[in-house]
Structures are given as structure tokens and as C-alpha cells.
Amino acid sequence: QVQLVETGGGLVQPGGSLTLSCAGSGFTFGKYAMSWYRHPPGKERELVAISRISGWTNYADSVKGRFTISRDNAKSTVSLQMNSLKPEDTAVYYCNANWLKFDYWGQGTQVTVSS
């Protein structure tokens, strides 16, 4: 059974930092592109960061220089280090694994940036 479990969400003040983690199981983690998406309230879901198996990473313009995605294939985990958080980063964050026709999602974790 495929599972993606996100942890690390919570409430943080503007300017603060938070690290999200996603643990995968039930699939060959190293074959998959791993991504973080977010769904802000009242907006569409958007891609935040992606890590391909080649090591290539890419980020949404809104988070470049503030967020860092990293993966550990040996542990089947992917993390999102978020620094200098802004209120507009408030969203439910989802972990995604994608390879060919296979596409898996975690249950999401809430991140709220507020004073």
C-alpha cells in the first residue's frame, strides 16, 4: 500500500522558519520525482518545489531563495525547509510522488503564518 505522510506543519510567526517532512512507503522512492504543492485558502493548488531523480530542483518564483527541497532516497523522505515565512505562505502543503503514470499524494499538513 502506497503511503505519503507529511509532518511538520503548524503555526509560525512571519519571518519564522518551518521544516516539512514527507515519508514515503509502498513504492520505489528513488524512481519518483518528489514535489511539494500547496493549496492556499480561496486559491488554486500550486507547485512549490520539485526534486527530480537527477538531482535537479526547481521552485515557484514566490518561494525562490526562501524554501529548499531535499530528498533522501535511502530513507524515502523528502523535506521542505521554509525560511522567512510570510502570511501568504499560509496553505495546506501536500507531498507528491510522480513517475510515468503513477501519481501519489499525501494527506496534507497545515501551515499557518500569522502574528
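None of these values were measured; they are calculated from a predicted model.

Engineer: Honestly, the nonpolar core in this entry has me stumped. Any pointers?
Structural biologist: A general tendency of soluble globular proteins is for nonpolar side chains to be buried together. Counting 27 residues, the largest nonpolar core has Trp36, Leu80, Met82 and Tyr93 as its most contacted members. Broken down by secondary-structure element, the contributors of at least two residues to this core are strand S3 (18-25), strand S4 (33-39), strand S5 (46-51), strand S7 (67-72), strand S8 (77-82), strand S9 (91-99) and strand S11 (109-113). Dropping the residues within four chain positions of it, Tyr93 is found in contact with Glu6, Leu20, Trp36, Tyr37, Arg38, Val48, Phe67, Leu80, Met82, Gly108, Thr109 and Val111.

Engineer: Any chance you could explain the state of the cysteines here in plain terms?
Structural biologist: Disulfides are covalent bonds that connect the sulfur atoms of two cysteines. In the structure shown here, the tally under the stated rule is one disulfide. Between the sulfur atoms of Cys22 and its disulfide partner Cys95 the distance amounts to 2.1 Å. Measuring handedness by torsion sign, the sulfur bridge of Cys22 and Cys95 sits at about -80° and is left-handed. Remark: Cys95 occurs in strand S9 and Cys22 occurs in strand S3; sequence separation between them is 73 residues.

Rules used throughout
Residues numbered from 1 in each chain as written. Predicted model: local features only at pLDDT ≥ 70, side-chain atom pairs only at ≥ 80, totals over all residues. Heavy atoms only, no water. Core = buried A, V, L, I, M, F, W, Y, C linked by side-chain atoms within 4.5 Å. Buried < 20%, exposed > 50% of the residue type's maximum accessible area, 1.4 Å probe, protein only. Helix = DSSP H or I, 4+ residues; strand = E, 2+ residues; numbered from the N terminus. Contact = heavy atoms within 4.5 Å. Disulfide = S-S within 2.5 Å.

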